[in-house]
Amino acid sequence: MSQNETRPDRSEDLHEIHAQVLAYCRAVDRRDWDGIRAVYTADGVDHHTGFDGDADAYVAWLKRLLPRMDGTMHMLANHTCRLAADRMSAVSETYGQAVHWGTPGDSPQLNFTSGFRYVDHWLRTEDGWRIRERFAVREWHRDDSGRLHGPASAKAKARAEAGQPGEPDIFDVLLTRLEG
Amino acid sequence: MSQNETRPDRSEDLHEIHAQVLAYCRAVDRRDWDGIRAVYTADGVDHHTGFDGDADAYVAWLKRLLPRMDGTMHMLANHTCRLAADRMSAVSETYGQAVHWGTPGDSPQLNFTSGFRYVDHWLRTEDGWRIRERFAVREWHRDDSGRLHGPASAKAKARAEAGQPGEPDIFDVLLTRLEG
Amino acid sequence: MSQNETRPDRSEDLHEIHAQVLAYCRAVDRRDWDGIRAVYTADGVDHHTGFDGDADAYVAWLKRLLPRMDGTMHMLANHTCRLAADRMSAVSETYGQAVHWGTPGDSPQLNFTSGFRYVDHWLRTEDGWRIRERFAVREWHRDDSGRLHGPASAKAKARAEAGQPGEPDIFDVLLTRLEG
């Protein structure tokens, strides 16, 4: 690859890396297992509270864990990214909080919010920027049991079941129209 | 309009669309009814939990609803936007949470936080990007009664009364100085 | 300084100002006193709930206040910035929420979340954009006592002690590798 002609500029790199962090959240919240896996390199590694291993094992772990809940929402905040001088790798830190809700509503194990920092080591690959190693550092944890409620809709419940997307998400519907 | 000469570039489009979502939040939190209306096209439509209709009716609905509370704060997070190939329309999804507080403080109807996704269909108009159709999808709801408190200042209370802006907001004051 | 040749463009100004707000949060959450001070001009001023004064006094105030807690996390959301016509000054508003946790966990003084707006007056200096005057407007306050928990790790506890960084933060470790 020619270094100067075919590569995007710095701001495009930064935009793509940020977009990948967003894509990860979207995939987790929709139980889109392939979408989660796609954010990592082939040899990607993840470190979470309660998990350390490669990206395939991480997705398998999430497949067991997430369907116990009715839903999750990963909301990102402060994002800082530094590119290496050769722009073939990067490091970013992203603050966020994840709301988790489940049934029964008074279960602290199923109804809580966690504050975290994703500290990610990125590699530029032929398919774009991918996470080579993620450290998900938990900062705080808040028990929301007895106070948190998910939507009562059939759609939301269906989405909670792995592999059962239920009615299509309105964002996907609008995207299809846009591109159709 | 000449397609190539007078239009901003893609990144400017994306910036303007994001700025409009922010402007919506600011207008709602300040009970700036005209500001809320201005984010939608003339024939704009909004779908909220508890409301479906055109933008005029939506603003009228908010005018009845919001003054019951002492304040709201709409905090945005993950924002993803896709432009149509001709860049005359776009679709975005924006995660956010809205904190609502009111008196008495132990009322669950007046003191809660909601997690939502704004899924917006955008059109480029002569006046800039506007929402043609918004789907405000509620993801979760947390009862914060007995724990949440707004500021005790007269300014905050005054802002809660529609059409009674109270003392000018410090951000507006600084903006005026900047441009003065 | 030549106005047109050596200055970054508008979008770079906006990016740098946003990065400074992020840097402030990072410094506060890590008790990096010099890092906090560096965000303000030499004659910078800060207005917080419970504090009004110059930046040196503000840092001294934080040095007394923050070590009482086990940790804080300042998460930013909506950010709006307007540059003056000559681009030598700017005004921004940044929404955010700060989670505070401490021991004992049932203390409302040590375990709470606050919603705020940073309203900042910026000046371009020889060292980059700096805050000349900050108004930290508190919007709401939520008592999280009895529900909020920080990490149990020695690292987190060590970080809580001023001047005792404990084990190096993983983000700093990765940044060092990137640049090494």
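The rules behind these values
Residues numbered from 1 in each chain as written. Chains lettered and ligands numbered in written order. Predicted model: local features only at pLDDT ≥ 70, side-chain atom pairs only at ≥ 80, totals over all residues. Heavy atoms only, no water. Least-squares fit on C-alpha atoms with pLDDT ≥ 70 in both. Contact = heavy atoms within 4.5 Å. Buried < 20%, exposed > 50% of the residue type's maximum accessible area, 1.4 Å probe, protein only. Helix = DSSP H or I, 4+ residues; strand = E, 2+ residues; numbered from the N terminus. Pairing = 2+ DSSP bridges. Salt bridge = Lys/Arg side-chain N within 4 Å of Asp/Glu carboxyl O. Polar contact = N/O pair within 3.5 Å; in protein donor to acceptor, adjacent residues only side chain to side chain. Nonpolar A, V, L, I, M, F, W, Y, C, P; charged D, E, K, R; others polar. Buried area = accessible area lost by both parts, 1.4 Å probe. Arc of directions from axis to C-beta. Phe/Tyr/Trp six-rings, centres within 6.5 Å; stacked < 30°, edge-to-face > 60°.

J.: Teacher, can you tell me more about the relation of the copies chain A and chain B here?
T.: Two copies of a chain can be linked by a rotation about an axis combined with a shift along that same axis. If you rotate chain A by 120° and push it 0.0 Å along the axis, it lands on chain B with an RMSD of 0.0 Å. Read as a symmetry element, the transformation amounts to a three-fold axis. Judged by C-alpha distance, Ala77 of chain A is the residue of chain A that lies nearest the rotation axis, at 3.4 Å. The two copies present different faces, since only 14% of the interface residues in chain A are matched by interface residues at the equivalent positions in chain B.

J.: Just checking my understanding: could you explain the pairing of strand S4 (residues 89-101) of chain C for this structure?
T.: Within a regular strand, the side chains alternate between the two sheet faces. Residues and elements named next belong to chain C. Across the 13 residues of S4, 13 count as buried, placing the element largely inside the fold. Burial along S4 is two-sided: Ser89, Val91, Glu93, Tyr95, Gln97, Val99 and Trp101 and Ala90, Ser92, Thr94, Gly96, Ala98 and His100, pointing in opposite directions, are all buried. By the bridge criterion, eleven bridges tie strand S3 (residues 71-83) to S4 in an arrangement that is antiparallel. Looking across to S4, one finds that Met73 is bridged to Val99. Where S4 lies against strand S5 (residues 112-125), twelve bridges are found, and the strand directions are antiparallel. Paired with Tyr95 across the two strands is Arg117, which belongs to S5.

J.: For this particular structure, what's the right way to read the interface of chain A and chain B?
T.: Interfaces are often described in size by the accessible area the parts lose on coming together. At the interface, 29 residues of chain A touch 33 residues of chain B. Between Arg30 of chain A and Glu93 of chain B there is a salt bridge whose closest N-O contact spans 2.8 Å. Our count for the chain A to chain B interface comes out at ten residue pairs in polar contact (both at pLDDT 80 or more). For the side of chain A that touches chain B, the secondary structure elements donating two or more residues are helix H1 (10-29), strand S3 (71-83), strand S4 (89-101), strand S7 (148-149) and helix H5 (170-179) of chain A. Taken together, the residues of the side of chain A that touches chain B break down into 14 nonpolar, five polar and ten charged.

J.: Could you clarify how one ought to interpret the pattern of salt bridges in this entry?
T.: When the charged atoms of two side chains lie near each other, side chains of opposite charge can form a pair. Residue and element names in this part refer to chain A. All told, the structure shown has 43 salt bridges over all chains when counted by the stated rule. Residues Arg134 and Asp120 are paired through a salt bridge, measuring 2.7 Å at the closest nitrogen-oxygen approach. Separated by 14 residues along the polypeptide, Arg134 in strand S6 (residues 128-143) and Asp120 in strand S5 (residues 112-125) bring together distant segments of the chain. Of the two residues, Arg134 and Asp120, neither departs from the other in class, the shared state being buried. Notably, a salt bridge pairs Arg142 with Asp144, separated by 2.9 Å at the nearest N-O pair. Residue Asp144 is classed as buried on the basis of its relative accessible area, which comes to 2%.

J.: Got a minute to help me understand the relation of the copies chain C and chain A in this structure?
T.: Under the fitted operation, chain C is carried onto chain A by 0.0 Å of movement along the axis and a turn of 120°, and the coordinates agree to an RMSD of 0.0 Å. Little of the interface of chain C is mirrored in chain A, where only 14% of its interface residues again form contacts.

J.: Help me understand unusual backbone geometry in this model?
T.: Across residues other than glycine, the phi torsion is negative in most instances, and most of the peptide bonds are trans. All names here are of chain B. The omega torsion across Thr103 and Pro104 is 5°, close enough to zero to call that bond cis. Among the secondary structure elements, Pro104 is positioned in the loop between strand S4 (89-101) and strand S5 (112-125). Even without glycine at this site, Arg31 takes up a positive phi of about 50°. Relative to the elements of secondary structure, Arg31 occurs in the loop between helix H1 (10-29) and helix H2 (33-37). On the accessibility criterion, Arg31 (5% relative accessible area) is buried.

J.: Looking at this model, I keep getting lost on the interface of chain C and chain A. Mind explaining?
T.: Facing the 29 residues of chain C at the interface are 33 residues of chain A. Carbon and sulfur atoms supply 58% of the area buried between chain C and chain A, which totals about 2500 Å² over both sides. On the chain C side of the contact with chain A, Met73, Arg147 and Leu178 of chain C bury the most area, a combined 27% of that side's loss. The tally of links from chain C across to chain A stands at four salt bridges. The shortest N-O distance in the salt bridge between Asp143 of chain A and Arg147 of chain C comes to 3.9 Å. Counting across the interface, chain C meets chain A through ten residue pairs in polar contact (both at pLDDT 80 or more). Elements that contribute at least two residues to the side of chain C that touches chain A include exactly helix H1 (10-29), S3, S4, strand S7 (148-149) and helix H5 (170-179) of chain C. Broken down by element, the side of chain C that touches chain A gets its largest block of residues, seven residues, from H5 of chain C. Partitioned by chemical class, the residues of the side of chain C that touches chain A number 14 nonpolar, five polar and ten charged. When S6 of chain A meets S7 of chain C, the two strands line up antiparallel, connected through two bridges. Of the residues in S7 of chain C, the one forming a bridge with His141 of chain A is His149 of chain C.

J.: What exactly am I supposed to notice about H5 of chain C here?
T.: Owing to its 3.6 residues per turn, the α-helix brings residues three or four apart onto one side. For H5 of chain C, the set of buried residues is Ile170, Phe171, Leu174, Leu175 and Leu178 of chain C. Take H5 of chain C and look down its axis: the buried residues cluster within an arc of 140°, on one side only. Those residues of H5 of chain C that are exposed and angled more than 90 degrees off the buried face are Thr176, Arg177 and Glu179 of chain C. Residues of H5 of chain C that are buried in the fold lie against S3, S4, S5 and S6 of chain A together with H1 of chain C. Two or three places before Phe171 of chain C, at the start of H5 of chain C, stands the capping residue Asp169 of chain C, its side-chain oxygen 2.9 Å from that residue's backbone nitrogen.

J.: Whenever I open this one, the side chain of Ser92 of chain B confuses me. Can you help?
T.: With respect to the secondary-structure elements, Ser92 of chain B resides in strand S4. Engagement of the side chain of Ser92 of chain B in a polar contact is seen with the side chain of Trp122 of chain B, the distance being 2.8 Å. Among all residues touching Ser92 of chain B, those that are not within four sequence positions of it are Phe171 of chain A together with His79, Thr80, Cys81, Tyr118, Val119, Asp120 and Trp122 of chain B.

J.: Explain the packing of aromatic side chains to me, please; I cannot follow it from the model alone.
T.: Centre-to-centre distance and the angle between the planes together describe a pair of aromatic rings. Residue and element names in this part refer to chain A. All chains considered together, the criterion is met by 19 aromatic pairs over all chains. With centroids separated by 6.5 Å and ring planes inclined at 80°, the aromatic side chains of Tyr24 and Tyr40 adopt a geometry described as edge-to-face. Taken as a pair, Tyr24 in helix H1 and Tyr40 in strand S1 (residues 40-48) lie far apart in primary sequence, 16 residues in all. The class for Tyr40 is buried, based on a relative accessible area of 3%.

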